[in-house]
Amino acid sequence: MTPFRFRAFFLVLLFGFFIVPAAADAREPQVASQTAPEKVFNAKTFTLANGLQGVVVENHSAPVITHMVWYRVGAADEVAGKSGIAHFLEHLMFKGQSYPGLLTLKPGEFSKMVRSLGGQDNAFTAQDYTAYFQTIASKHLETVMKMEAGRMRGLNLPKAEVDAERLVILEERRQRVDNDPRAQFDEQFSEVLFANHPYRKPVIGWFHEMEGLTWEDATSFYKKWYAPNNAFLIVSGDVTVEQVKALAEKTYGLIPRTEVPERKRTVSPPFIGRTSVTMAHEVIKEPVFLREYRVPSARQNLKDSLALQVLEEIMDGGPTSRLYKSLVVEKKIASSVGLSYNSYSWDDSTLSLSAVPMEGLSLKQAEEALDTELRALIKDGVTPQELKDAVLRLQAEAIYARDSVAGPAMVIGYTLVTGVSLEDLETWPQQIESVTAQQVQDVAARFLNPDKPTPTPYVNGTLTPLQNAAPSPETAPQKP
């Protein structure tokens, strides 16, 4: 999911992190029926004296707002041995708060109050950020701002709540990872792909380290990273920037600036060999081939990121895209195929390829077919018509993204918190239109060449039904 990749953003919300696209007919290309907007959201901004940056998207179609606070801290900022503390703290942020001039709440009262006002609230944690949000009638904006601001530096966490909530996150891991072979597979993939980089750790944490997380760990992490000058306030909906700024000064403005450490992360060294992840499980019904590359995020290289977005659209933008048309419709090598690029990252982003071979064909045949398509892309590039159609479809997504209340706040949050400017987001339709066929061919050659891997080579993986698994050297029958 990219700072400007509207379709990818919504697909992730709908389908989660592990995808093997199959329903090509559900992704009919949509062509913009109107001219691309000069600015996507026409967002307005302000900055408080304590460093809190505010963004407002006005939409007066209904008396509703989405109020979000994004912190520039996530799982990749955890210290070694404390995996999962960022996500654990996200849970604990609902366990009581008290700050002078703002709302005091007991454990569990935060969400109860939002619901009592007819709203909804939630939170989420990723490698680079943690976010909290409420969608509610616009007349209650001041109330939720007092609540959210109150826990920015006023978390009042009873130790008893920590022990109980630790059991909750451990159960969450059992359900979402340990009982899901696809999630386990994805976890091991990241461990290999991001060697010596913090993205290799699961956001939810390793089970044995989660068991040892304490009240001291949580409060230390909280005091270190949660501050107005390390956060974005984003409000979209039936409100004006003048109203939001005035309320922000009354609430978040009460909290002083706090010194926040500079983000420092380890990097992966160059590798000379290729690695792979293989896994077989009884609940898997169809074998899947997966490959992941490390490619530039939008923060690292905006020009390359834009070209990769167009490449993604050409290769996997619906039933007329290259991969689906070639491997599923014409050659009948795969029953489903996909290419997905996600540039919502502070450091390297990922691009993944996947294929489910047709019955009777092997995973190796599916892999070779994908490589054939990549070699053709690198050798011959893309046609002017493919480029034009892809750009039109992408621009259409930008137009439609403005229509919802929560969507703009989400997209802007992902963009800013991963280090890309609001101006680059607002002018994304114009920038995507400037991508050339040569740029698309160039990023394919530099990052996706199956015959010339980058210094951090791609990782291949296979996830198969248990009966199809090839015996490992340790388990294979030994000859007498």
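Residues numbered from 1 in each chain as written. Predicted model: local features only at pLDDT ≥ 70, side-chain atom pairs only at ≥ 80, totals over all residues. Heavy atoms only, no water.

Enquirer: Sorry if this is basic, but what is going on with the overall build of the chain here?
Expert: When you go through the chain residue by residue, the secondary structure sums to 17 helices and 11 strands. For the chain, buried positions account for 56% of its 480 residues. Looking at the chain alone, contacts between residues at least 24 apart form 83% of all its contacts between residues at least 6 apart. (Helix = DSSP H or I, 4+ residues; strand = E, 2+ residues; numbered from the N terminus. Buried < 20%, exposed > 50% of the residue type's maximum accessible area, 1.4 Å probe, protein only. Contact = heavy atoms within 4.5 Å.)

Enquirer: In this structure, what is going on with the nonpolar core? I would like to understand it.
Expert: Soluble globular proteins tend to pack their nonpolar side chains together in the buried interior. Ranked by internal contacts, the top residues of the largest apolar core, which has 72 residues, are F41, W70, F124, V310, L311 and I412. Among the elements that take part in this core, helix α10 (residues 302–316) stands out by supplying 8 residues, more than any other. One finds F46, M93, L141 and V235 within the second-largest nonpolar core, a separate group that totals 54 residues. (Core = buried A, V, L, I, M, F, W, Y, C linked by side-chain atoms within 4.5 Å.)

Enquirer: Could you clarify how one ought to interpret the side chain of D121 in this entry?
Expert: Turning to its location among the elements, D121 is positioned in strand β4 (residues 120–125). For D121, which is buried and forms no salt bridge, the nearest opposite charge comes from R115, at a distance of 4.9 Å. At 2.9 Å, the side chain of D121 and the side chain of S111 are in polar contact. The residues contacting D121, other than those within four sequence positions of it, are F94, F110, S111, V114, F133 and Q134. (Lys, Arg positive; Asp, Glu negative; His and termini not counted. Salt bridge = Lys/Arg side-chain N within 4 Å of Asp/Glu carboxyl O. Polar contact = N/O pair within 3.5 Å; in protein donor to acceptor, adjacent residues only side chain to side chain.)

Enquirer: I keep staring at the sheet that holds strand β9 (residues 334–342) and nothing clicks. Help me out?
Expert: Strands belonging to one sheet form pairs held by backbone hydrogen bonds; the direction of such a pair is parallel or antiparallel. An order of β7-β11-β8-β10-β9 is seen for the 5 strands of this open sheet, with the pairing classed as mixed. Strand pairing shows two members of the sheet lacking a second neighbour, β7 (275–281) and β9, which therefore form its edges. The sheet shows a mean angle of 15° between the axes of neighbouring strands, direction not considered. (Pairing = 2+ DSSP bridges. Axes fitted to C-alpha atoms, helices over the stretch in contact; angles between N-to-C directions.)

Enquirer: Is there a simple way to explain the pairing of strand β2 (residues 53–58) in this structure?
Expert: The pairing of strand β1 (residues 44–47) with β2 spans 4 bridges and is antiparallel. Of the residues in β2, the one forming a bridge with K44 is V56. Where β1 hands over to β2, the hairpin turn is made up of 5 residues, of which G51 adopts a positive phi near 100°. Relative to strand β6 (residues 231–237), β2 runs parallel, the two being bridged by 6 bridges. Counterpart to V57 in the pairing with β6 is S236.

Enquirer: Before we go on, may I ask you to explain the side chain of S305 in this structure?
Expert: With respect to the secondary-structure elements, S305 resides in helix α10. Contact partners of S305, with chain neighbours within four places excluded, come to S297, A298, Y341 and S343.

Enquirer: What is the right way to look at the sheet that holds strand β5 (residues 130–137) in this model?
Expert: The sheet built from 6 strands is open, its strands ordered β1-β2-β6-β3-β5-β4 with mixed pairing. The two strands at the open ends of the sheet, each matched to only one other strand, are β1 and β4. Between one strand axis and the next, the sheet turns by 15° as a mean value, whatever way the strands run. As paired elements, strand β3 (residues 64–71) and β6 share 7 bridges and run antiparallel to each other. Bridge pairing in β6 links M68 to I234.

Enquirer: I tried to follow the packing of aromatic side chains on my own but got confused; where do I start?
Expert: Given two aromatic rings, their pairing is described by the distance between the two centres and the angle made by the two planes. Overall, the coordinates contain 18 aromatic pairs when judged by the stated rule. Over the ring of F94 we find R151; its NZ or CZ atom is 4.5 Å from the centre of that ring. One Lys or Arg, R291, reaches over the ring of Y458 and ends 4.1 Å from the middle of that ring. (Phe/Tyr/Trp six-rings, centres within 6.5 Å; stacked < 30°, edge-to-face > 60°. Lys NZ or Arg CZ within 6 Å of the ring centre and 35° of its normal.)

Enquirer: Looking at this model, I keep getting lost on the packing of helix α2 (residues 85–92) against helix α5 (residues 159–178). Mind explaining?
Expert: Helix packing for two helices is described by the angle between their axes and how far apart those axes are. Packing of α2 against α5 leaves a shortest axis separation of 10 Å and a crossing angle of 120°. The orientation of α2 relative to α5 falls into the category oblique. Of the two elements, α2 crosses α5, and the hand of that crossing is right-handed. From α2, H87, F88, H91 and L92 reach across to α5, where they touch E161, V162, E165, R166, V168, I169 and E172. Looking at the contact of α2 with α5, its residues break down into 5 nonpolar, 2 polar and 4 charged. (Parallel < 35°, antiparallel > 145°, perpendicular 65-115°, else oblique. Left-handed = near helix turned anticlockwise from the far one by under 90°. Nonpolar A, V, L, I, M, F, W, Y, C, P; charged D, E, K, R; others polar.)

Enquirer: Before we go on, may I ask you to explain the confidence of the model for the chain in this structure?
Expert: Atomic detail in the predicted coordinates should be set aside for any region of low pLDDT. On average, residues of the chain score 90 in pLDDT, and 90% of them are at 70 or above. Within the model, the stretch residues 472–480 combines pLDDT values under 50 with 2 contacts to residues more than four positions away or in other chains. (pLDDT = per-residue confidence, 0-100.)

Enquirer: When you look at the environment of G96 in this model, what are you seeing that I'm missing?
Expert: Looking at where G96 falls in the secondary structure, it is placed in the loop between α2 and α3 (109–116). Considered as a pair, G96 and K106 are 10 residues apart in the sequence and their alpha carbons are 4.3 Å apart. Apart from residues lying up to four places away in sequence, G96 is in contact with L105, K106, P107, G154, L155 and N156.

Enquirer: Just to check I follow, could you spell out unusual backbone geometry for this structure?
Expert: One can expect most non-glycine residues to show negative phi and most peptide bonds to be in trans. Non-glycine residue N196 carries a positive phi angle of around 65°. Its place among the elements puts N196 in the loop between α6 (181–193) and α7 (207–210). With relative accessibility at 42%, the residue N196 sits in the partly exposed group.

Enquirer: Just checking my understanding: could you explain the environment of G360 for this structure?
Expert: Along the polypeptide, G360 turns up in the loop between β10 (349–357) and α12 (363–380). Sequence spacing of G360 and I333 is 27 residues, and the spatial spacing of their C-alpha atoms is 9.6 Å.

Enquirer: What exactly am I supposed to notice about α3 here?
Expert: Note on helix geometry: an α-helix contains 3.6 residues per turn, so any two residues three or four positions apart are oriented the same way. When α3 is considered as a whole, its buried residues turn out to be F110, S111 and V114. Buried residues of α3, seen end-on, are gathered within an arc of 90° and therefore sit on one face of the element. In α3, the exposed positions angled more than 90 degrees off the buried face are occupied by K112 and S116. Phi turns positive, to about 85°, at G118, one or two residues after α3. (Arc of directions from axis to C-beta.)

Enquirer: Mind showing me how you'd approach the packing of α10 against helix α17 (residues 437–447) here?
Expert: At a closest axis distance of 9 Å, the pairing of α10 and α17 adopts a crossing angle of 95°. With respect to α17, the axis of α10 lies roughly perpendicular. Between α10, through K303, D304, A307, L308, V310 and L311, and α17, the contact on the second element is made entirely by Q439, V440, V443, A444, R446 and F447. Its residues assigned to classes, the contact of α10 with α17 shows 8 nonpolar, 1 polar and 3 charged.

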